[in-house]
Amino acid sequence: MNFDGDGIDDYDELVAAFDGNNTLPVIIADDLSEGQVKALILMLDRLTGKGWYCFIDGYSSYNQISIAPKDQENTTFTCPYGTFAFKKMLFGLCNSLAIFQRCMMSIFSDMVEETIEVFMDDISLVSDLFDDCLAHLTEVLKQS
């Protein structure tokens, strides 16, 4: 895709990363810090040139993290139907996204930056060979 502006409405909000032939492989949001942009570029560098790529979307997996019974009282709310407390991590709870990301990084710590990249509930697997990609996929599914 050549960067000619098609489909991009607000140029000021985007930072474009170009390769040598003036194509646009990725668009990076302008509100990221310099460190975040560098981390993203490093991750993309690790993914480029690989022969096989597999993407797993763990749709809404953050709902599957249990809240310790002693901490459930901190999520208590009252409504006309009674008083309730959450037993599972919900998107709207304070720091739930950061906690979920730390959990994912902990679960897959031995694989991150070697064979997979993890962002929230999305896992990207890369490999040069198809059989290696299948082996990595098997390993991820066993750990999850």
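No experiment lies behind these values; they were computed from the predicted model shown.

Let us look at the overall build of the chain. On a plain count of helices and strands, the chain comes out with 3 helices and 7 strands. Ordered by position from the N terminus, the helices and strands of the chain form the series β-β-α-β-β-β-α-β-β-α. Across the 144 residues of the chain, 24% fall into the buried class. The long-range fraction of contacts in the chain, counting pairs at least 24 apart against all pairs at least 6 apart in sequence, stands at 41%. Accessible surface for the chain amounts to roughly 10,100 Å². Of this, 56% is attributable to carbon and sulfur atoms.

Enumeration over the complete set of coordinates arrives at 1 salt bridge. Between lysine 70 and aspartate 71 there is a salt bridge, with its nearest N and O atoms 3.7 Å apart.

Moving on, we get to the layout of surface pockets. There is about 460 Å³ of room inside the largest pocket. Considering the residues around the largest pocket, the lining is formed by 17 residues, among which Leu40, Met43, Glu117, Val118 and Phe119 are closest to the centre. Of all elements in the fold, only helix H1 (34-47), strand E3 (52-57), helix H2 (96-107), strand E6 (116-119) and strand E7 (122-127) reach the threshold of two or more residues within the lining of the largest pocket. The leading source of residues in the lining of the largest pocket is H1, at 6 residues.

Its place among the elements puts glutamate 117 in strand E6. Classification of glutamate 117 by relative accessible area gives buried; the value is 10%. Beyond its immediate sequence surroundings of up to four residues, glutamate 117 is in contact with Met43, Arg46, Leu47, Asp122, Ile123 and Ser124.

Attention shifts here to the pairing of E7. Counting buried residues along E7, 5 of its 6 residues qualify, which places the element largely inside the surrounding structure. As defined by bridge partners, E3 adjoins E7 across 6 bridges and the pair is classed as antiparallel. By the bridge assignment for E7, aspartate 57 is matched with aspartate 122. Two elements, E6 and E7, share 4 bridges in a ladder whose sense is antiparallel.

Criteria and cut-off values
- Residues numbered from 1 in each chain as written.
- Predicted model: local features only at pLDDT ≥ 70, side-chain atom pairs only at ≥ 80, totals over all residues.
- Heavy atoms only, no water.
- Helix = DSSP H or I, 4+ residues; strand = E, 2+ residues; numbered from the N terminus.
- Buried < 20%, exposed > 50% of the residue type's maximum accessible area, 1.4 Å probe, protein only.
- Contact = heavy atoms within 4.5 Å.
- Areas by Shrake-Rupley, 256 points an atom, 1.4 Å probe, with all protein chains shown as cover.
- Salt bridge = Lys/Arg side-chain N within 4 Å of Asp/Glu carboxyl O.
- 1 Å grid on protein atoms, 1.4 Å probe; cavity = no way out; pocket = protein on both sides within 12 Å on 5 of 7 lines; lining within 4 Å.
- Points joined across faces, edges and corners; volume = space filled by probe spheres on them.
- Pairing = 2+ DSSP bridges.

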